[in-house]
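What follows is each chain in one-letter form.
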Amino acid sequence: MSEFKELMKTFSKSREYVRDFFVYGFKTREEFSGWSSRTYDNERRRLESWLSEYVKQDYTKKGKNIYLSIDSNLLDTNPLYQVWKAKSFTDNDIMLHFYILDYLQKFKERTADEITDGILTEYDMVFELQMVRRKCNEYTKDGMLTKKKSGKQVLYKINPPFQEILCKYPGLEDAIKLFQIFSPLGIVGNTIMENTSFKNDIFRIKHNFFAYTLEDEILISILQAIHEEKTVLITSKSTRSENIRQIEGVPLKIFVSTRTGRRFLCLYITNKKRFSSIRMDAIKKVQIKGNYSNYRKIKEGFERNKASAWGISFQGSSAVRLEHLKLTLHIDEDSDLYILNRLKREGKGGTIRRIAKNTFTYEIDVYDANEMLPWIRTFIGRLLDIESNNKRLNTFFQRDFLAMYKMYFEE
Amino acid sequence: MELFSEIYNCYFQVIKSLIEKKNYISEEELNYRIKNSGFEESILYLLPKLTENGWGFYEKQEGFLYSKLSTDFYVPLTNLQKSYLKAILLDDKITLFLSDMEIENINTAFADVEPLYQPDDFYYYDKFSDGDDYKNPVYRKHFQTIIAAIKKHEYLDILYESRHNHRVHHYYLPCRLEYSIKNDCFRLLAVESHIQRAPKIEILNLSRIQEITPCNKTIKKLPDINHFLQRSYYKESVKVLIKNQRNALERAMLQFANYEKNTRKIDGNTYECLIYYNKKVETELLIEILSFGPMMKVVGNDSFLKLVKERLKRQFMLINNLPSKEFDTKDFESVD
């Protein structure tokens, strides 16, 4: 039996486990399909090790149930960042990291030969020259060292500490404290905080979805393709059916919902000549392909279309290009004016009219009015009428409302 | 630019924090600090590597471990980190922290890398449109005064205009600034008066603050903000039943992921979820639950259930008062 390790070589398998534990929080060993009991046990133990503070357990008829209980309002950072800090390494990796950086801090510019000898003299440790040179080149590529030629020699130099910049611009430290907890790729900001030994003691975030960080490696590849105007081949696994599919397209933008916790990649499917979107958490792999020559033109068209998308859909169920929706609402002008504010700030520029005392209409044209249903339901208790050329919308609303009514008053 | 890299590994960070600023350490302290800053089981792997003939960072002398590395040891930023910093410099909220000149100077310092992302790469499609005005110099001044007071643990004299346009004047001890992604605004989490018998947390919208004056009165330690927040939660959670149809379970679990919650399966297709909340988010939680339609049913607590029923009753009456909208149940049952 192999020894348990709390570090891991690859991220993909743990990504799915952490997501399931975090999002669902109730799956027992039997409910995780596709992997062996041993895998479940190891992944669970790793998760307990990384996130011990947040792991809770209780017992159900089906067995022990472990779950992650995280209240994002109470935290200074995203606890799921821990999973990015669990990459395995070799003894040489960690030793060379500390010895090379420490040596170059003391001795400024040095060749790989001199560093190898210096590590022996200073720290009494022996390394092969090739290994030291490889690590120096790796760190140069990563941006921690600078390499320059002096005659036939190649000299390595350590780059200055970030502390120097923070001393000049102290506001930057506070900014990092804020951005690390909510911005895209906030994990990177979190590593800067750790590197420079400070913690967030100022900010909290509301409406934060911590599980986004599990998609960050995928996100970096997609952003690279967007910036380089390239096409991508996406391999995704359906969150419902578990079917694997591949799709090639031009990545354009990441659509983020601040309400539902979902993020989507919007892309242009060249062979179908239409815009489409894929859930970010369904994407398993991104392969960056060639340049897309028409990128700017497609992007401009996309930005124009975006204005009429309620959510992520660019195509409705009816034959018309844009679907019209009109809500008539009862809003008490003496006590419920905040509902008008809601319509203004959440209604994406829809037109609001007062048609009688305490009666208002809200109208908008969107690609797919069905996407508005969850939002429309938030006005339950105030809706006088729903009109749309998408006939199914009203039917859906009424059917669901009736089911709700029965559920609470007749069951 | 690799994110999943050993450079950011927890063990590397633990060792860095051990050696910086201290050139010797006892084994007991080493033990304690690894337990505090590493993963749960890191001690088993790290301790022998640091105290025995492992990585050679320490030399044992007279019961202490002496570091061979400099106490000034630092790790320079990687390109990924610089690239992230350049990205946050493009966010409109950065002007709350830095002047235009400072932003330009930092950009110059990292001229060799491109921003990791542009604000335009993301579109927050359901974010509220009436976010705070971060360019407003008064807002910016208030923001900076609050940050300074949080750091100094200093009381502030705040003139505040409430939602109903009432002006109130109070002394507050600022504890945290809360940013809401959905509302795109900042709120101040403050304790109204620490001297009171039962101080409670107050939440003030930054955009409604009219004036702030530091009081020149400080306290040694800020109160435990989490204690106040947790105390504000209702004793009884909301208990909902989720029907796993139309992918509702997954949608609900994602949407409520930012609440403390506990979910369990109660039969083949139904799940029970307890959601912990406080008065200030009650309406928000209520409309979030309503947005799920019949896929989610509130079964407790009684006061929350009453709110749901009131809304449904009101809606039922509104529909039935319209002559053209007779509510005939037969019309809808066959539709899918």
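Along each chain, residue indices are assigned from 1 in the same order as the chain's sequence is written. As a convention, the first chain written is A and the first ligand written is 1, with the rest following in written order. Given that this is a predicted model, residues contribute local features only at a pLDDT of at least 70 and side-chain atom pairs are listed and counted only at 80 or more, while totals for whole chains, interfaces and linings are drawn from all residues. Only heavy atoms go into the side-chain values, all of them from the structure, while hydrogens and water stay out.

Some thoughts on the overall build of chain B
In terms of regular secondary structure, chain B is built from ten helices and 13 strands. Based on the C-alpha atoms only, the size of chain B along its principal axes is roughly 90 × 55 × 50 Å. Only heavy atoms enter the contact rule, under which two residues are in contact if any of them lie within 4.5 Å. For chain B, the proportion of contacts with a sequence separation of at least 24, taken over those separated by at least 6, is 61%. The protein chains shown are the only cover counted for residues, whose accessible areas, like all others here, come from Shrake-Rupley with a 1.4 Å probe. Within the structure as shown, chain B displays about 16100 Å² of accessible surface, and the carbon and sulfur contribution to it stands at 47%. Counted charges follow a simple rule, with Lys and Arg positive, Asp and Glu negative, and His plus the chain ends left uncounted. Where a charge sits is defined by one atom per residue type, namely NZ (Lys), CZ (Arg), CG (Asp) or CD (Glu). Considering chain B, the positive charge centre built from 47 side chains and the negative charge centre built from 49 side chains are found 6 Å apart. Put simply, DSSP marks the helices as runs of H or I at least four residues long and the strands as runs of E at least two long, and each gets a number from the N terminus on.

Digging into the side chain of H207(A)
Relative to the elements of secondary structure, H207(A) occurs in the loop between β5 (203-206) and α9 (216-228). A distance of 2.9 Å separates the side chain of H207(A) from the side chain of S180(B), its partner in a polar contact. At 2.5 Å, the side chain of H207(A) forms a polar contact with the side chain of E284(B). Setting aside its immediate chain neighbours within four residues, H207(A) contacts T258(A), S180(B), I181(B), K182(B), N183(B), N258(B) and E284(B). Any pair of nitrogen or oxygen atoms within 3.5 Å is treated as a polar contact; in protein, a donor-acceptor pairing is required on top of that, and neighbouring residues in sequence qualify only through side-chain atoms on both sides.

Quick look at the packing of aromatic side chains
Pairing of aromatic rings covers Phe, Tyr and the six-membered ring of Trp, with a centre-to-centre limit of 6.5 Å; geometry is then stacked below 30 degrees between planes, edge-to-face above 60, and tilted otherwise. Scanning the entire structure with this criterion turns up 51 aromatic pairs over all chains. What links up through ring pairs into an aromatic cluster is the set F89(A), F98(A), Y99(A), Y123(A), F127(A), Y11(B), F12(B), Y45(B), W55(B), F57(B) and F73(B). Cation placement over rings: the criterion is NZ of Lys or CZ of Arg within 6 Å of the ring centroid and within 35° of the ring normal. Residue placement shows R342(A) over the ring face of F379(A); its charged tip is 4.2 Å from the ring centre. Above the face of the W310(A) ring, K348(A) is positioned so that its terminal group lies 5.6 Å from the ring centre.

Overview of the environment of T108(B)
Tracing the backbone shows T108(B) in helix α5 (residues 100-109). In the structure, T108(B) is positioned 58 residues away from L50(B) in sequence and 40 Å away in space, judged by C-alpha atoms.

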